[in-house]
Amino acid sequence: MVMAGVAGLLLGAAFVAALPAGAQAPQEIPLVIEKNRFQPDVIKVKAGAPFVLVITNKDKGPEEFESKDLRIEKIIPGGKTVRLKMPALKAGKYPFVGEYHSETAKATIVAE
Amino acid sequence: MGATFVVTLREAFEAALILGIVYSYLEKIGARDGFRYVTWGGALGLLLSVAMGIAVTYLTGPLLDVGPEIITVVVIFAAVGLLTWHAWWMQQHARLIGGQVQHRIDLARARNRLWVVGLIAFTGVFREGAETVLFLWGILAQAGAEAGWGSAAGGVGGVAGAAALGFTIFRSGKHVSLSRFFGITTAFIMLLAAGFLSNGIGRLQGLGVLPLSDPLWNTSWLLSDGSVAGGFLSGLVGYRAQPTLPEVCAYVAYLIVAGALFFGRRTPDAVGLADPTRS
């Protein structure tokens with residue numbers, strides 16, 4: 001576990017090092033979860049520019065933002081707001097779901 | 001009800017699988033008294049999953065933004081290390097031990113490494129545990145409504161189903177000959193660890209630590225990640241319908257290195273001590 005601890009520290013350090021984005025702050029895009037749905041359900045972003053999804057869960061229960069394409073699984077507790085750093089995307093459509101209510105919580109990021 | 005059943009079954013299956021394997025491993029080497037390591041490890045994983053679920057619920061700001069992800073990624077990579085070490089140890093063990101149960105126990109005790117199976121049980125449960133706990137928590141919170149009770153029953157049923165599958169694996173391990181059992185489980189743990197590693201690399205891509213890249217291929221039409229079968233395969237061997245180049249490289253590189261380590265050579269002392277009557 002010592003190795004794991006060291007690996008964890010290194011990983012944390014690598015992560016922190018990766019945090020400071022360039023001089024220009026990335027665009028922030030709000031996204032709301034309400035009644036187990038995403039609003040809006042289509043998010044348009046500029047291709048090639050990183051951005052930040054500011055996700056607010058207005059429901060009481062937790063929700064998990066999940067995108068298989070983007071390798072992101074992020075829990076958003078009920079009543080909380082999470083800032084999710086998103087990478088620069090190539091032009092295209094990137095669907096995501098709220099894993100805990102995947103029948104209703106479906107939306108897409110469109111990079112163009 | 002059906003949807004929550006499937007989600008919890010899928011999430012809990014991987015943990016049950018790992019528990020089933022490590023329990024049957026101890027049974028196989030005649031070290032039933034080591035069961036407590038697995039039980040403690042699994043219980044600790046469950047406890048910390050609940051704690052993490054509670055922590056995530058009350059965290060705010062930057063800690064909530066990235067904290068849980070860093071912990072998850074660390075656990076995934078720790079799991080790869082532990083599984084590899086265990087498989088390697090098992091392989092050494094399988095070569096060293098003869099037919100006598102007592103000899104096996106002595107050897108295991110002498111090496112005093114049984115606690116590692118507890119750590120493996122811990123990582124197996126903790127890895128997806130917090131998410132499952134929060135998922136169940138969410139549906140139980142909504143269980144007041146009539147439809148909510150169905151969902152809650154589905155969630156509980158999913159966990160029970162996964163536990164039953166884990167127990168089945170444990171039982172079937174009994175009927176396989178020792179050398180075959182070691183061979184099968186070593187190969188299986190390799191696939192599992194390779195899947196974990198590629199999953200961890202994918203998460204680093206998602207976190208922006210590694211650059212995101214296009215998928216190499218897309219087999220969603222054949223087997224989607226979201227389907228039950230796809231979910232099982234993803235838990236078992238790290239299946240991805242749309243894997244990226246770093247994920248595939250990590251997977252293949254792990255199999256090559258671990259394959260060479262586990263199956264490629266015999267250590268001199270193992271050859272010397274190997275029991276020729278071993279089946």
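You'll find the structure just up there.
Nothing here was measured: the structure is a model prediction, and the numbers come from that model.

Draft legend 1. Broad picture of the packing of helix α7 (residues 178-207) of chain B against helix α8 (residues 228-237) of chain B. All names here are of chain B. Between α7 and α8, whose axes approach to 6 Å, the crossing angle comes to 105 degrees. Comparing their axes, α8 and α7 come out roughly perpendicular. Residues Phe188, Leu191, Leu192 and Gly195 of α7 form the contact with α8, whose participating residues are Gly235, Leu236 and Val237. Grouping the constituent residues of the contact of α7 with α8 by class yields five nonpolar, two polar and no charged.

Draft legend 2. A look at the packing of aromatic side chains. As enumerated under the stated definition, the model contains twelve aromatic pairs over all chains in all. Relative to A:Phe96, the ring of A:Phe38 lies with its centre 4.9 Å away and its plane at 70 degrees, an arrangement referred to as edge-to-face. With A:Phe38 in strand β2 (residues 37-39) and A:Phe96 in strand β8 (residues 92-98), this residue pair connects regions lying 58 residues apart in the sequence. Accessibility classification places A:Phe38 together with A:Phe96 in one group, the buried group. Here B:Phe35 and B:Phe170 contribute two aromatic rings whose centre-to-centre distance is 6.0 Å and whose plane-to-plane angle is 75 degrees, an arrangement assigned as edge-to-face. Here B:Phe35 is found in helix α2 (residues 35-58), whereas its partner B:Phe170 is found in helix α6 (residues 146-173), with 135 residues between them in sequence. Grouping residues by exposure puts B:Phe35 and B:Phe170 together as buried.

Quick notes on the rules
- Residues numbered from 1 in each chain as written.
- Chains lettered and ligands numbered in written order.
- Predicted model: local features only at pLDDT ≥ 70, side-chain atom pairs only at ≥ 80, totals over all residues.
- Heavy atoms only, no water.
- Axes fitted to C-alpha atoms, helices over the stretch in contact; angles between N-to-C directions.
- Helix = DSSP H or I, 4+ residues; strand = E, 2+ residues; numbered from the N terminus.
- Parallel < 35°, antiparallel > 145°, perpendicular 65-115°, else oblique.
- Contact = heavy atoms within 4.5 Å.
- Nonpolar A, V, L, I, M, F, W, Y, C, P; charged D, E, K, R; others polar.
- Phe/Tyr/Trp six-rings, centres within 6.5 Å; stacked < 30°, edge-to-face > 60°.
- Buried < 20%, exposed > 50% of the residue type's maximum accessible area, 1.4 Å probe, protein only.

Just distances and angles here, no functional claims.
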